[in-house]
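Structure assessment
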Amino acid sequence: MPIDNATFASLFESLLADISAITHSVEYVEVEQENFIEVGCYLYRVFPAIMELKYAENTPKNAKEILESLSQNVNLAKDLVGECDKENQPVSDTELRSTIAQLEGVVKDIGECLCLIPSATFGGQEYAETAVRSLSDEMQNVHFEVKQPQVLETKVLEPQISFASEQPKKLQMPIESSQTSQEPIESDLYSVDIDVSFFTESSESLSMPHIVDFLKITSDRSQWQHENINKSLTTLPHVAHYMEPLYDTFFCPLTKQIMDDPVTIENGVTYERKAITEWFETFNHLEDIICPTTGMKLTSRVLSTNVALKTTIEEWKDRNEATRIKVARAALSLASSDSMILEAVRDLQHICKRKRYNKFQVLSVGILPLLIKLLGYKDIDVRCGTLELLRQLAEDDEGKEMIANIMDISTLIELLSSSHQPVQHASLLFLHELSRSQALGEKIGSATGAILMLIRIKYNRDVDSFASQKADEILKNLERYPYNIKQMAEYGFLEPLLNHLTEGFAEVQMEMASYLGEIVLGNDGQTYVAERASPTLVKMLQSGDTITRKAAFKALAQISSYLPNGGILVKAGIVQIMAEEMFTRRMYDEPMNSTKEAAAILANILEAGAEHDSIQVNTHGHKLSSDYAIYNIIYMLKNSTPDELNINLIRILLCLTNSPNSMETIISVVNETEASYTLIELINNPHEQLGVAAIKLLITLAPHVGNTLAERLCKTGGQPEDLIDSPTETNHITEKQAVSAKFLAKLPQQNLTLNLALLNKNVVPTILQKIFLVQRSGTRTSKHATVYLEGLVGILVRFTTTLYEPQILSLARTHNLTLVFTELLMKTSCDEVQRLSAIGLENLSLESINLSRPPQIKKTKSTKLFQLPKLLSSSSSKGRKIPTLCPVHRGVCSSESTFCLIDAKAVERLLACLDHENVEVVEASLAAICTLLDDTLDVNRSVSLLSELNAIPHILNVVKVHKQEGLWQKSFWMIEKFLVKGGNKSASDISQDRLLPASLVSVFHHGDGSTRQMAENILRHLNRMPNPSTTYYTM
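Not measured: the values here are computed from a predicted model.

Describing the packing of aromatic side chains
As enumerated under the stated definition, the model contains five aromatic pairs in all. On the numbers, 5.8 Å between centres and 35° between planes, the contact of Tyr 357 with Phe 360 is tilted. Within this pair, Tyr 357 and its partner Phe 360 are both found in helix α11 (residues 356-364), separated by three residues, close to a single helical turn. We classify Phe 360 as partly exposed; its relative accessible area is 49%. Ring centres of Tyr 459 and Phe 493 lie 6.1 Å apart, and the angle between their planes is 90°; on these two criteria the pair is classed as edge-to-face. Here the residue Tyr 459 occupies a position in helix α18 (residues 450-459), and Phe 493 occupies one in the loop between α20 (482-490) and α21 (495-503), the gap between them amounting to 34 residues.

As structure tokens, this is what we get:
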């Protein structure tokens, strides 16, 4: 396990701090600068070995002893270098020699410590162990000379005397006899005379992380505050980039770069193949060619690969790149400097680009988790560089697999929405590389929002064409996984699904059709899908394969659910196939009974408005609207068990009711068979949608067979009271409750059997409670609330049509229906409720004359004069000993007992409804007011009452605004009453209306008989026509 406890962590931090301090100090030592810089160079080279020890999977038992020994030696070196700092007092030659000797001992001791690191520490990585062992041997054999010139036997790279460029002494061949006892020093294998002054720190091909950054990490992580150390981190020059020595023979004399393909010309000098080839091409004649290094004339252009040198360079590169990978890992793991992280990432990019095997090395040393963590780094350049490096690592299948196992794809998906274009582009390139793997296609597609984001980017071509192109390529790669295609379709990108459906193999078509049946399409794509998919789906239906047909039916059901697609499906021949499926295939032993699916599709198409009279259901020429088809549908409805099939059969019947011929046939079948019982029994089916469909069909049939339905409803157990289901809250009103109430309201209102059944089940209190709840919460609380309220009020109106029945009369009085309807006129904004309330008031008012009786008054007491009508309502609501007579009904009246509109103050509200925009509301209100002008009542008193309530302008406005015959008939009838009974004031008010004569003249010319006669009478009253002579003279 890696070392992570506090004790070891402290030792590591201490070591790095001391190394940082030494590298800072050696710059300021003026004496024996080369030796001091060489000490700093050795300490730097020890750094990767320390990191190997820290991050070893198997921590050696002697790790603590090694670290403590290293720490002691580094501390001693720090003290020794500090003594020679130029800021301190000058040291004598003797002291300087002693210091150099002690530093030599320190380096040797550190070398011995390195050799104590067990092989197991390196985890089988031979290149790392070889590098550390080589460094250990070199340090144990080190020797520093004081003030003695050093001569190089081979030319090594020393562009300048500084810590940044000092090369290890292993490259040098000393000539002093004092070193002859040392172990043999490796000499240059391929010596050539070249100028090495070109080698600088800026050489791009030798780019490596700088030691300054490594030391800065250590400083930041331990949060040291020492000023001198912080200063050193920003002032030190760049350090040498290679852990192993460079030979000058590695460099091409022409390019001054390390050679990749060294070749030797005829005089034995080695060059980079490309460079020498270009050199030769500068000469037009062979005899003019010379060697660029020696100037010697050449007679041949033959190039011979220097195999030994090439192999040596490759091995050197491999060893050093392995070390650079280790260094980069350390940089990434300790990083707090943006520049250091970026340099490490870019160096890894360069390493991975050079050799494919390097990618495996990068992945094997644990760098991948560090890179993935950097995806959340704040610096944009770091994120972009990391994404590019990850893309390089993912180019191989092994890399993709490792990334897939470690990385959370959602992290990458989040970067797609970055506002920084470089980050988004780098993310797309990385994701594009990952999407090449079919195994990763599923993982990418399952990441939340991945496909949605890619589709959005794809369609933003005008904003960013490059991103759009890459997103499109990624989506194409993801198509290899079928479920991704389904997701694309769900997010509006339908092309992949449709292409695979229309062009794919049979298995693919079946899968795509199944997906098409599952997804919910937006309206904007429904028509396009129908046009593209319908021909293929028709072929799939005709294939005969059970699974394929099932998938095709599923898709067509989805497509047909969008009603505008009906015409497209009709043109594709779908209707004929569905009709045959329902009426022909079911009669034979088919492997799959498709009646349910066919009925759903056919119902969808018919509801879209398809002409059903032309749809043929079999080869005998029977049409869908024929008796044969309708009888079969009713038969299936009676004997079918699947609820879904019954729902769709009822939907088909509802569509057929739009045709008069089909309606006649359906009515005949319902009357002749038990179909009505079947439909009524379906009302209480547990499947609510089936119950709703059955009730809707019953509502449609009610005007034609209403009494039959009402009688059979009352004979069904639990009915009709089950149709009145009271919800606790209005927002729980369901569609079934709404249509149930509407059904009861639409059945013939004068059917006494149904009305008594409702009365006996005591449903009225429940209805009144529900009306109150709906009014309190408002009709907007539920989309079914309005229909529900209309149905409830319609049920109450039923009772007003059979008031001759004593029980129902008592019910109307008990619940004061007159006041209920009066309040509904004012407290609702629903037109139908107002119309029904006016009808209810009309029916109640017609009974008032029969219910009003003269008061029983004792003769010993005087009878008060009749009070003004406007006082009747208030006086009737208070307990009084002397009853007041109603001037209109000529007896004792009240809203409760005699349903008097005057006492209920309903007249004012009915007059207000005459200004309504809805013609039906106006006509119902006029009809209710007309009950007060009946000849059986005191018409003079009625006219006087209505005049006081300013009724004439309301009535004249009806004539002016509305042109319906029924309204004119009632309006003219009332106007004539006012002219005859209202006196001069009424006549004056009516004659002053400037538009009335024009309406009267129009009706006089074009109206029907009774309306024309009323118009003629009014014109005579207004002196617009002559009165017929009634006086005869005789001689």
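From this point, the discussion proceeds with the structure in view.
Remarks on the pattern of salt bridges
Pairs can form between side chains of opposite charge whenever their charged atoms are close. For the structure on display, the rule yields 30 salt bridges. Asp 472 serves as the salt-bridge partner of Lys 476, at 2.8 Å between the closest nitrogen and oxygen. One end of the pair, Lys 476, and the other, Asp 472, are both in helix α19 (residues 465-478), four residues apart, so they sit about a helical turn from each other. Three or more residues joined by partner-sharing salt bridges are found here, namely Glu 314, Asp 318, Glu 321, Arg 354 and Lys 355.

Quick word on the environment of Leu 846
Locating Leu 846 in the fold gives a position in helix α39 (residues 831-851). Note: C-alpha distance between Leu 846 and Phe 899 (53 residues apart in sequence) is 8.8 Å.

As for the UniProt feature "repeat: ARM" (unreviewed entry) in the protein
Mapped onto the present numbering, the UniProt feature "repeat: ARM" (unreviewed entry) falls on residues 366-405. For residues 366-405, the end-to-end C-alpha separation is 13 Å, with 75% helix and 0% strand making up the annotated structure.

Looking at the packing of helix α10 (residues 338-354) against helix α13 (residues 380-393)
Orientation of α10 relative to α13, taken along the N-to-C sense of each, is 20°, at an axis distance of 9 Å. Comparing the axis directions of α10 and α13 gives the class roughly parallel. Seen along the crossing, α10 lies across α13 with a hand that is left-handed. Counted together, Asp 338, Ile 341, Leu 342, Val 345, Leu 348, Gln 349, Cys 352 and Lys 353 of α10 and Asp 381, Val 382, Gly 385, Thr 386, Glu 388, Leu 389, Gln 392 and Leu 393 of α13 form the full contact between these two elements. A class-by-class count of the residues in the contact of α10 with α13 yields eight nonpolar, four polar and four charged.

Focus on the sheet that holds strand β3 (residues 304-305)
As a general point, the strands of a sheet are linked pairwise by backbone hydrogen bonds and lie either parallel or antiparallel. Taken together, three strands build an open sheet; the order of strands is β2-β1-β3 and the sheet is antiparallel. Single-partner strands in this sheet number two, and they are β2 (270-272) and β3. By the bridge criterion, three bridges tie strand β1 (residues 262-264) to β2 in an arrangement that is antiparallel. Bridge pairing in β2 places Thr 264 opposite Thr 270.

Focus: the side chain of Arg 712
Inspection of the secondary structure assignment puts Arg 712 in helix α32 (residues 688-714). In terms of polar contacts, Arg 712 uses its side chain to reach the side chain of Ser 676, at 2.2 Å. Once residues lying within four places of it in the same chain are set aside, the contact partners of Arg 712 are Val 670, Asn 671, Thr 673, Ser 676, Tyr 677 and Ile 680.

Details of the confidence of the model for the protein
Chain-level statistics for the protein give a pLDDT mean of 80 and a share of 83% at 70 or above. Low pLDDT, under 50, characterises residues 860-881; the predicted model gives this stretch 19 contacts beyond four residues in sequence or across chains. The low-confidence segment residues 1030-1035, where pLDDT is below 50, has zero contacts with residues more than four positions distant or belonging to other chains.

Quick notes on helix α15 (residues 409-416)
Buried within α15 we find Ile 409, Leu 412, Ile 413, Leu 415 and Leu 416. Considered in projection along α15, the buried side chains sweep an arc of 155° and stay on one side of the axis. Those residues of α15 hidden inside the fold are in contact with α13, α16 (421-435), α17 (438-446) and α18.

Re the packing of α10 against α11
Running from N to C, α10 and α11 cross one another at 135°; their axes reach a closest spacing of 5 Å. Regarding the angle of α10 to α11, the classification is oblique. Along its contact with α10, which presents Leu 348, Ile 351, Cys 352 and Arg 354, the element α11 presents Arg 356, Asn 358, Lys 359 and Val 362. Residues of the contact of α10 with α11, tallied by class, amount to four nonpolar, one polar and three charged.

Regarding the nonpolar core
Ranked by size, the top nonpolar core spans 180 residues in total, and within it Leu 516, Leu 537, Leu 701, Phe 972 and Ile 975 carry the most contacts. Of all the elements, α32 adds the most residues to this core, at 14 residues. Leaving out residues up to four positions away in the same chain, Phe 972 has contacts with Val 959, Leu 1000, Val 1003, Thr 1011, Met 1014, Ala 1015 and Ile 1018. Met 340, Leu 387, Ile 409 and Met 453 belong to the second-largest nonpolar core, a separate cluster that totals 60 residues.

Cut-offs applied
Residues numbered from 1 in each chain as written. Predicted model: local features only at pLDDT ≥ 70, side-chain atom pairs only at ≥ 80, totals over all residues. Heavy atoms only, no water. Phe/Tyr/Trp six-rings, centres within 6.5 Å; stacked < 30°, edge-to-face > 60°. Helix = DSSP H or I, 4+ residues; strand = E, 2+ residues; numbered from the N terminus. Buried < 20%, exposed > 50% of the residue type's maximum accessible area, 1.4 Å probe, protein only. Salt bridge = Lys/Arg side-chain N within 4 Å of Asp/Glu carboxyl O. UniProt positions renumbered as here; feature names shortened; annotations may be inferred. Axes fitted to C-alpha atoms, helices over the stretch in contact; angles between N-to-C directions. Parallel < 35°, antiparallel > 145°, perpendicular 65-115°, else oblique. Left-handed = near helix turned anticlockwise from the far one by under 90°. Contact = heavy atoms within 4.5 Å. Nonpolar A, V, L, I, M, F, W, Y, C, P; charged D, E, K, R; others polar. Pairing = 2+ DSSP bridges. Polar contact = N/O pair within 3.5 Å; in protein donor to acceptor, adjacent residues only side chain to side chain. pLDDT = per-residue confidence, 0-100. Arc of directions from axis to C-beta. Core = buried A, V, L, I, M, F, W, Y, C linked by side-chain atoms within 4.5 Å.

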